[in-house]
Amino acid sequence: MNNVSAMNKSLRLVGGILMILWSGIHLFLAKELLKVLPVVGEFFVIDAVLVIIGALVMFMGFRLLYIPVLVLNWANYLLLAESRIFPAPVLGFPLPAINSFVVGTFFLDIIIIAVNTVVFVTK
């Protein structure tokens, strides 16, 4: 096994684990949101499931789906950033700007995008 494929495999594992962590945060948040804002809570659940599927793609190394996983991660990042400044889709008002979950998810999104991009480029 050459160095590039070993690095790729390690990064796929790291990316998948980070995506599982991201999903765990969103499933935790969804539990409370389902009581208060059911539409947002349901979105969090669906999004978390999609990211878990993306993590499985990374774990298995299914190269054909690297770009859709990267697009999903970018969409999540952009939605997080956009919904803090402009009215959130469906709700019609901006969400609270800063809390520990937002900051954590923001940095997780950036790291996941970087790792998934390197995995895609070094395939």
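Attention in this report is confined to the structure presented alongside it. (Residues numbered from 1 in each chain as written. Predicted model: local features only at pLDDT ≥ 70, side-chain atom pairs only at ≥ 80, totals over all residues. Heavy atoms only, no water.)

Looking at helix 3 (residues 66-85)
No. 1: In this model, helix 3 (20 residues) spans 29 Å end to end at C-alpha, consistent with the 28 Å of a helix rising 1.5 Å per residue.
No. 2: Along helix 3, the positions that sit buried rather than exposed are Tyr66, Val69, Leu70, Leu72, Asn73, Asn76, Tyr77, Leu80 and Ser83. (Helix = DSSP H or I, 4+ residues; strand = E, 2+ residues; numbered from the N terminus. Expected span 1.5 Å × (residues − 1). Buried < 20%, exposed > 50% of the residue type's maximum accessible area, 1.4 Å probe, protein only.)

A look at the environment of Phe107
No. 1: Within the secondary structure, Phe107 is located in helix 4 (residues 100-121).
No. 2: A relative accessible area of 48% places Phe107 in the partly exposed class.
No. 3: Taking the C-alpha atoms as reference, Phe107 lies 9.3 Å from Tyr77; in sequence the two are 30 residues apart.

Some thoughts on the nonpolar core
No. 1: Grouped together as the largest cluster of nonpolar side chains are 14 residues, with contacts concentrated most on Met19, Met58 and Ile112.
No. 2: Listing elements by their share of this core, those giving two or more residues are helix 1 (3-36), helix 2 (38-60), helix 3 and helix 4.
No. 3: Non-local contacts of Ile112, meaning those with residues more than four positions away in its chain, are made with Leu18, Met19, Trp22 and Asn73. (Core = buried A, V, L, I, M, F, W, Y, C linked by side-chain atoms within 4.5 Å. Contact = heavy atoms within 4.5 Å.)

Side note on helix 4
No. 1: If you check helix 4, its first and last C-alpha atoms are 32 Å apart, about what 22 residues at 1.5 Å a residue would give, namely 32 Å.
No. 2: Within helix 4, burial applies to Val102, Thr105, Leu108, Asp109, Ile112, Ile113, Val115, Asn116 and Val119.
No. 3: Here helix 4 starts with a cap whose side-chain oxygen sits 2.9 Å from the backbone nitrogen of Phe101, and that cap is Asn99. (Polar contact = N/O pair within 3.5 Å; in protein donor to acceptor, adjacent residues only side chain to side chain.)

Focus: the pattern of salt bridges
No. 1: Under the defined criterion, the tally for this structure stands at one salt bridge.
No. 2: Its salt-bridge partner being Lys35, residue Glu32 comes within 3.7 Å of it at the nearest N-O pair. Taken together, the residues Glu32 and Lys35, both in helix 1 and three residues apart, mark about one turn of the helix.
No. 3: By relative accessible area, Glu32 is classed as partly exposed at 41%. (Salt bridge = Lys/Arg side-chain N within 4 Å of Asp/Glu carboxyl O.)

Focus on the side chain of Asn76
No. 1: Locating Asn76 in the fold gives a position in helix 3.
No. 2: Asn76 gets classed as buried once you look at its relative accessible area, which sits at 8%.
No. 3: Ignoring anything within four residues of it in the chain, the contact list for Asn76 reads Trp22, Asp47, Val51 and Asp109.

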